[in-house]
Amino acid sequence: MRTLLRVLAILALAVAITMAVQYNPGYVVVVYPPYRAELSLSLVIVMLLAVFFLAYGLLRLGAHTLNLPDEVHAFKQERQREKARSAMSEAVAEFAAGHYDKAENFAVSAIELGEDAEVNALIAARCAHQLKAFDRRDAYLAQVDKTCSDYPDTGMAG
């Protein structure tokens, strides 16, 4: 329905332009010695509009082309965040299923990808504890302590 209305609007605009141009007796004289050209005023107006829209389109294309590196960088960052979120959700799912070795691996990869390091380190520490790998557990807990000590004191006694 929208397409039909748009087509009708374009056709109505074309009829209106045709009717307006039909009654315009003006002309434009372009002189460049030794040449002289007489153009219809309506043709000159249409040509100026065409040049305007062409220049506008070229400027938009140029601006979009110049912004492509930023858009590609944002796309890559979003894809990396999505991988990190996926790794974290897999870690939680594997932890809940009791597959502690897989859960630890997913949590470590989520930490490396930069997704919520404290939570993933706690998941990895809990998995290492279940696997009786106490040295890895202590390393993950030390990472949590280091990360949490970077934050200012909230004033709450723990």
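Residues numbered from 1 in each chain as written. Predicted model: local features only at pLDDT ≥ 70, side-chain atom pairs only at ≥ 80, totals over all residues. Heavy atoms only, no water.

Topic: the overall build of the chain
So, point 1. In terms of regular secondary structure, the chain is built from 5 helices and 2 strands.
So, point 2. Along the chain, helices (α) and strands (β) appear in the sequence α-β-β-α-α-α-α when read from the amino end.
So, point 3. Relative to the compact-globule value of 15 Å for 158 residues, the chain shows a C-alpha radius of gyration of 34 Å, a clear excess of over 25%.
So, point 4. The C-alpha extent of the chain, read off along each of the three principal axes, is 95 × 45 × 35 Å.
So, point 5. Split into buried and exposed, the 158 residues of the chain put 16% on the buried side.
So, point 6. Partitioning the intrachain contacts of the chain with sequence separation of at least 6 by distance along the chain shows that 35% fall at a separation of at least 24.
So, point 7. Taken as two groups, the 15 positive and 18 negative side-chain charges of the chain have centres that lie 9 Å from each other. (Helix = DSSP H or I, 4+ residues; strand = E, 2+ residues; numbered from the N terminus. Rg over C-alpha atoms; globule rule 2.2 N^0.38 Å. Buried < 20%, exposed > 50% of the residue type's maximum accessible area, 1.4 Å probe, protein only. Contact = heavy atoms within 4.5 Å. Lys, Arg positive; Asp, Glu negative; His and termini not counted. Charge placed at Lys NZ, Arg CZ, Asp CG, Glu CD.)

Concerning the nonpolar core
So, point 1. Core analysis: the largest hydrophobic core is formed by 10 residues, namely Ala91, Ala103, Ala107, Ile123, Ala124, Ala125, Cys127, Ala128, Ala133 and Tyr140.
So, point 2. Listing elements by their share of this core, those giving two or more residues are helix 3 (100–113) and helix 4 (117–130).
So, point 3. The dominant element in this core, judged by the number of residues it contributes, is helix 4, at 5 residues.
So, point 4. Apart from the residues lying within four places of it in its own chain, the contact partners of Cys127 are Phe95, Tyr100, Ala103 and Glu104. (Core = buried A, V, L, I, M, F, W, Y, C linked by side-chain atoms within 4.5 Å.)

Brief notes about the pairing of strand 2 (residues 35–40)
So, point 1. Little of strand 2 sits out of view: just 0 of its 6 residues are buried.
So, point 2. Sheet topology note: the strand 1 (residues 27–32)/strand 2 ladder contains 6 bridges and is antiparallel. Across the sheet, Val28 pairs through a bridge with Leu39, a residue of strand 2.
So, point 3. Taking the residues that link successive antiparallel strands as the turn, the strand 1-strand 2 hairpin has 2 residues. (Pairing = 2+ DSSP bridges.)

Let's talk about the confidence of the model for the chain
So, point 1. In this model, the chain carries an average pLDDT of 88, and 94% of its residues clear a pLDDT of 70 or more.
So, point 2. Summarising per-element confidence for the chain, the mean pLDDT is lowest in helix 5 (residues 134–149) (85) and highest in helix 2 (residues 41–97) (93). (pLDDT = per-residue confidence, 0-100.)

Regarding the packing of helix 2 against helix 3
So, point 1. Direction vectors running N to C along helix 2 and helix 3 enclose 155 degrees, while the axes themselves pass 8 Å from each other. If you check the angle between helix 2 and helix 3, you find them roughly antiparallel. Judged by the sense of rotation from one axis to the other, the crossing of helix 2 with helix 3 is left-handed. Between helix 2 and helix 3, the residues in contact are Gln80, Lys83, Ala84, Ala87, Met88, Glu90, Ala91, Glu94 and Phe95 and Tyr100, Lys102, Ala103, Phe106, Ala107, Ser109, Ala110 and Leu113, respectively.
So, point 2. Of the residues assigned to the contact of helix 2 with helix 3, the class counts are 11 nonpolar, 2 polar and 4 charged. (Axes fitted to C-alpha atoms, helices over the stretch in contact; angles between N-to-C directions. Parallel < 35°, antiparallel > 145°, perpendicular 65-115°, else oblique. Left-handed = near helix turned anticlockwise from the far one by under 90°. Nonpolar A, V, L, I, M, F, W, Y, C, P; charged D, E, K, R; others polar.)

Thoughts on a nonpolar patch on the surface
So, point 1. Taken together, the side chains of Met1, Leu4, Leu5, Val7, Leu8 and Leu11 present a nonpolar region at the surface, about 640 Å² in accessible area.
So, point 2. Inspection of the secondary structure puts Val7 in helix 1 (residues 2–22).
So, point 3. According to the relative accessible area criterion, Val7 is partly exposed, its value standing at 42%. (Patch = residues over 30% accessible without salt bridge, like charges linked within 9 Å, V, L, I, M, F, W, Y side chains within 5 Å. Areas by Shrake-Rupley, 256 points an atom, 1.4 Å probe, with all protein chains shown as cover. Salt bridge = Lys/Arg side-chain N within 4 Å of Asp/Glu carboxyl O.)

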